Structure formats: C-alpha cells, structure tokens
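# Structure at a glance
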Amino acid sequence: MANTAPRVASLLYEVEPGAKVDISGWVRTRRDSKHGFSFVELNDGSCMSNLQVVVNADVPGYEETIKEMTTGSSVRFTGDLKESPGAKQRVELHAESLELLGTADAESYPLQKKRHSFEFLREIAHLRPRTNTFGAIARVRNCVSRAIHDFFQERTFLYVQTPIITTSDCEGAGEMFTVTTLNPSTDGKPVDYTEDFFGKKASLTVSGQLEGEIYATAVGPVYTFGPTFRAENSNTTRHLSEFWMVEPEVPFCDLEGNMQLAEDFIKNIVKRCLDECAEDMKFFNDRIDKTVLETLNNILKHEFKRVSYTEAVELLVQSGKKWDYPVEWGTNLQAEHERWLTEEHFKQPIIVFDYPRSFKPFYMYCNEDGKTVRAMDVLVPGVGEIIGGSQREHRLDVLESRFEECGLDPEEYWWYLDLRRYGSVPHAGFGLGLERMILLLTGMQNIRDVIPFPRTPNHAEF
Ligand code: 4AD
Ligand code: MG
C-alpha cells in the first residue's frame, strides 16, 4: 500500500469520470438499499465532503464484509469513477473490490451521527479530528501556517528558530514555566538553581522576540514561528498555556511601518484562507457562525483604523457604558473594552497605539511625552487582541533607565544592551497569536477548540 494515489478531494473536484481508482479512508455512514447494493460515504480527511461509493452485492466479499463497514471503520475500495446521477456530487465510485481494514464497534464508537458538544469532544481529543468541524480546523490551521511562511518568504524575511528553553523573560510578567531537573524542595529552603541542569534558572519561552532582535540587527528582517508558553492562570476562552506565535522583527522600521506590516499580514492570511479553504470556510459560516464570511470580507475591504490609546480611552469613557473594569487614562484595556471598540464602535479591525509606559514591557520605544511608549495592539471583531507589538527602544541610555524603572537587572540583559552598543538601529516587530487568528477565521468561540491538544490550567491530556 503506497499512499501516492489521489485522495478524495482530487477525486471529487479534479479527476475526470472514467478513471480507475484505489482509495482508502474511514466510513462516515452507510446505507443498504433493498435492491442489493449499498452506499458508503467515505472520508479521508483531504476535504470536508465524502466520496460516495456504490457497492453492488455482486462485488466479491460483499456479503461477509459490508455489514462491518460501520461508522468509523477503515476501508479500501478500488473501482471506476463515474458521473453521479445524484445532484449532490459530481462523481461517485463504483466499487470493484472492497476491503475492511479496521472495524469500529458500533456500540462503543463515540462519534455516531448525532452532533456532539465541543465540551464533550474536548474529552476525546484523540477522536475529534474525525469530525467535520475539527477536520476543517486542521485544514485551516495548515493553510494559515503555509500562508505565514509564504508571506514572509516572499518579502525576503529569514525564518529564525529561537530557543524554547530560555533564561530571559521577555515580557517581564512573571508568567514563565520553570524547566528543572531538581527534586522539589521539601525543607522549605529556596531552590538553588546553580545546582540545576543549566546552572541557572531556566524557563520555557514566553516570546522569541529578544532573540529575534539579535538576528534582525544582523541579517535583516526575520520571523519566528513556534510554540510559546505562559503560566498565567487565566481560564478564559482566549488564553492557552501553550500556544503558537509568529513574531516578525524588522530593522530600519518604525511603528508606522510595523502597523502597515501587521495589517498586510492579516489581510494576506484571510485572503489565502478564503481562496484555498472555500469549502471549509462555507461550513464555518453555515454551521458555526453565520457572520464569519461577512466579517472576513469586511476585513479585506477596509483600512485598519489607527486609534491612539488616549483616543480609545476617551471613547470608552464617553460611551456611557458600565464596565466591569472602570477605564481611565493609565489603566490597561480589558477584553470588554477592546471588544466594544472593535465590535460595536468601529465595527472593523483597529490598531491601538501609544500606550502608557507604566504597564508595558521594558523594550518598547519611549515617546517624547515621557508618558507613553510606541506600542500597538491589533484588535479584531469576535476575538479582541490578535497582535501585540511595538517599535523597540534602540537608544542605549533610555533603555538602561527603563530597566531601572521596571526593576530589572541590566546585567541579565547584557547581550540585549550590546545590540544598542554596537550598530544600533530603529527596529520594530510584533507577535500574532496563531490560535487567535484561527478563532477569527473560523468563528469558533473557544481557543481550546482551535489547537489540536489544548493546555490550560489543570488540563494537559494526551
Ligand atoms: O502581546 P503579547 O504578549 O506580545 C509579545 O509577546 C511580544 N513579545 C510580541 C512581539 O512584539 N514580538 O503576545 C502577542 C500575541 C497576542 O496578541 C495574542 O494574540 C497572543 O500572542 N497571545 C496568546 N494567545 C493564546 N494564549 C495566550 N495565553 C496568549 N498570550 C498572548
Ligand atoms: Mg499583548
């Protein structure tokens, strides 16, 4: 069995009737007609649609095998691809041979035809990719990943692999998972990390940005694309403990250039998905969120509105809305504020920029006003923050005073300061959360359902 044969997607949409076919997959449903033949709906994951296989009773082995071709069983057919008399499909397969590869007990197989809740499917994350929804999500994630690489590769960015184990905290939010081989201390004494595997405290990365900056100031525009870990105890539909982030970093670039790159990037991914995953996207619009295609087409049509933080706060205060978290200049924007701005007020993606420096990380460029930094967040309807980024502080003296202001030890970032000592240039970058992008594209409501194996507080199954 060599799997070079065309898959269901190409049989349904490309291969001409008359072709000899050898196809394997899983049975979605089977109907037995009284007139001595059966219809098997075969899916192999290459697309949402099933291939209809017509199996006549005179196919050798029919009597013994067909009853075992139940939902979820794995099967192989050979035969002729023929034009289908039914209106539902262009072609169907007329089987000449059939083979049952693996049975699926009809009593115990959890994925029978009825619809299951996403909560239930999360508990069987090893079987959920066999459903229409999770198959479609897998294909969209794949399309987005390819689009991300293509977007940057076409613009001469280098793909840089930054470390997963790191000894520096990029975001300074204290949300890092420690990587250790030490036994847990039982005597209450503080852990001595000099005794640990790396001779110092090491963690899983929260961002590849700082290492990205090293390469951006050597080889030009770069991007990272990898897993990212945050030990924040947020049980929301927008947070994972392990997620994937894309982080471009561009030398000789300011915040305006960074905003434009972010806008072009998001639009490019949206367009690719609409073009290349049309069948899956239609499914999401029909079955998951009736507004998703409209939202995406709207994103393509309009310029992302640029709104300063100060302006955003004024709008939020003037809205007269009662917020769970009151807003005033100097407080961070919460999800409820971000969603109101992008969903109800502007009704399109917006880029909020120039945030107060008090709650932003050390690396952001300080504005002349002494109060704000050149930060930007891209907010989109249905999701809220999808991108966070900034122009970086490239002036050595300002950066050193920011370390002090943020209570960080500049010694620990000696190499980061070296980048400002030797050939420093203005530069900027951002991070896109892959799963938040998939939420936007699919209209799915919970981030746990757009990553194959979600990790959240108290959950790391599979
Ligand atoms: O805004 P964040 O924290 O920015 C950074 O990490 C910067 N170092 C990026 C950079 O400038 N190179 O995270 C960036 C994005 C967020 O906008 C969000 O989409 C996603 O990463 N993100 C998460 N996604 C899922 N679960 C979480 N816990 C996330 N935290 C951030
Ligand atoms: Mg952020």
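Parameters and conventions
Residues numbered from 1 in each chain as written. Chains lettered and ligands numbered in written order. Predicted model: local features only at pLDDT ≥ 70, side-chain atom pairs only at ≥ 80, totals over all residues. Heavy atoms only, no water. Helix = DSSP H or I, 4+ residues; strand = E, 2+ residues; numbered from the N terminus. Buried < 20%, exposed > 50% of the residue type's maximum accessible area, 1.4 Å probe, protein only. Contact = heavy atoms within 4.5 Å. Pairing = 2+ DSSP bridges. Near = heavy atom within 4 Å. Polar contact = N/O pair within 3.5 Å; in protein donor to acceptor, adjacent residues only side chain to side chain. Areas by Shrake-Rupley, 256 points an atom, 1.4 Å probe, with all protein chains shown as cover. Nonpolar A, V, L, I, M, F, W, Y, C, P; charged D, E, K, R; others polar. Axes fitted to C-alpha atoms, helices over the stretch in contact; angles between N-to-C directions. Parallel < 35°, antiparallel > 145°, perpendicular 65-115°, else oblique. Left-handed = near helix turned anticlockwise from the far one by under 90°. Phe/Tyr/Trp six-rings, centres within 6.5 Å; stacked < 30°, edge-to-face > 60°. Lys NZ or Arg CZ within 6 Å of the ring centre and 35° of its normal. Salt bridge = Lys/Arg side-chain N within 4 Å of Asp/Glu carboxyl O.

Let us look at the overall build of the protein. On a plain count of helices and strands, the protein comes out with 13 helices and 16 strands. With the C-alpha coordinates aligned to their principal axes, the bounding extent of the protein is approximately 85 × 55 × 45 Å. Within the protein, buried positions represent 50% of all 462 residues. When contacts within the protein are restricted to residue pairs at least 6 apart in sequence, long-range pairs at least 24 apart make up 68% of them.

Moving on, we come to the sheet that holds strand S6 (residues 158–159). Here 8 strands make up an open sheet; going across it, the order is S6-S10-S11-S16-S15-S14-S13-S12 and the pairing mixed. In this open sheet, the two strands that pair with only one neighbour each are S6 and strand S12 (305–308). Where strand S11 (residues 242–251) meets strand S16 (residues 427–433), 5 bridges bridge the pair, whose relative direction is antiparallel. Bridging across to S16, Val250 finds its partner in Ala428.

Turning to the site of ligand 1, a few remarks are in order. The environment of ligand 1 is made up of 25 residues, and the closest members are Glu171, Gln209, Arg230, Glu247 and Glu385. Here an oxygen atom of ligand 1 sits 2.9 Å away from a polar atom, N or O, in the side chain of Arg392. Expressed as a share of its isolated accessible area of 630 Å², the protein-covered part of ligand 1 is 94%. Going through the elements one at a time, S11, strand S15 (384–391) and S16 are the ones with two or more residues in the shell around ligand 1. Among the elements that line the shell around ligand 1, the one with the most residues is S15, at 5 residues. Each residue belonging to the shell around ligand 1 can be placed in one class, and the counts come to 9 nonpolar, 8 polar and 8 charged.

On to the environment of Phe346, then. Structurally, Phe346 can be placed in the loop between helix H10 (335–345) and strand S13 (350–356). Spatially, the C-alpha atom of Phe346 lies 9.8 Å from that of Phe304, the residues being 42 residues apart in sequence.

Between helix H4 (residues 132–154) and helix H6 (residues 255–276), whose axes approach to 9 Å, the crossing angle comes to 135°. Overall, the two elements H4 and H6 adopt an arrangement that is oblique. Both H4 and H6 take part in a crossing whose hand is right-handed. Where H4 abuts H6, its residues Val140, Cys143, Val144, Arg146, Ala147, Ile148, Asp150, Phe151 and Phe152 lie against Leu261, Asp264, Phe265, Asn268, Ile269, Arg272, Cys273 and Glu276.

What follows deals with helix H7 (residues 278–288). Of all the residues in H7, the buried ones are Asp280, Met281, Phe283, Phe284 and Asn285. Considering only its buried residues, H7 is in contact with H4, H6, helix H8 (292–301) and helix H13 (434–442).

The next subject is the sheet that holds strand S9 (residues 202–204). Taken together, the 3 strands give an open sheet; going across it, the order is S7-S9-S8, and neighbouring strands pair in antiparallel fashion. Every other strand in the sheet has two partners, leaving strand S7 (165–166) and strand S8 (178–179) as the edge strands with one partner each. Pairing of S7 with S9, which is carried by 2 bridges, proceeds in the antiparallel orientation. Directly across from Ile165, in S9, lies its bridge partner Leu204.

All chains considered together, the criterion is met by 24 aromatic pairs. Both rings, one in Tyr159 and one in Tyr223, keep their centres 5.3 Å apart while their planes meet at 20°; by these two values the pair is stacked. With Tyr159 in strand S6 and Tyr223 in strand S10 (residues 222–229), this residue pair connects regions lying 64 residues apart in the sequence. Looking at Tyr223, the relative accessible area reads 0%, which means it is buried. The structure contains a cluster of three or more aromatic residues connected by ring pairs, namely Phe151, Phe152, Phe157, Tyr159, Tyr223, Phe265 and Phe430. Directly above the ring of Trp329 sits Lys371, whose terminal nitrogen or CZ lies 5.1 Å from the centroid.

Here Ser207 is to be found in the loop between S9 and helix H5 (209–219). Judged by relative accessible area, Ser207 falls into the buried class, the value being 3%. From its side chain, Ser207 meets the backbone nitrogen of Gln209 in a polar contact 3.0 Å long. Residues contacting Ser207, with those up to four places away along its chain left out, are Cys170, Glu171, Thr228, Arg230, Met245 and Glu247.

Once that is clear, we can look at the pattern of salt bridges. Tallying each qualifying case throughout the model produces 30 salt bridges. Asp44 is the partner of Arg7 in a salt bridge, and the nearest nitrogen-oxygen pair spans 3.6 Å. In this pair, Arg7 sits in the segment before helix H1 (8–13) while Asp44 sits in the loop between strand S2 (37–43) and strand S3 (51–56), placing the two residues 37 residues apart along the sequence. Assessed through its relative accessible area of 9%, Asp44 is described here as buried. The residue Lys282 makes a salt bridge to Asp286 at a minimum N-O spacing of 2.7 Å. Remark: Asp286 and Lys282 occur in helix H7; sequence separation between them is 4 residues, near one turn of the helix. Each of Arg146, Asp150, Arg272 and Glu276 takes part in one network of salt bridges that share partners.

It is worth spelling out the side chain of Ser390 at this point. Note that Ser390 resides in strand S15. Relative accessible area serves as the criterion here: at 0%, Ser390 is assigned to the buried category. If sequence neighbours within four positions are ignored, Ser390 has contacts with Leu255, Asn258, Tyr363, Met364, Arg374, Ala375, Met376, Ala428 and Gly429.

Along any regular strand the residues' side chains alternate between the sheet's two faces. Across the 7 residues of S2, 6 count as buried, placing the element largely inside the fold. Pairing of strand S1 (residues 20–33) with S2, which is carried by 7 bridges, proceeds in the antiparallel orientation. In the sheet register, Asp32 faces S2, and the bridge partner there is Ser38. Counted along the chain from S1 to the antiparallel partner S2, the turn is 3 residues long, and its residue Gly36 has a positive phi close to 85°. In the sheet, S2 pairs with S3 via 6 bridges, with the strands oriented antiparallel. Within S3, the residue paired with Glu41 across the bridge is Gln52.

Bear in mind that shape data such as this cannot, by itself, settle questions of function.
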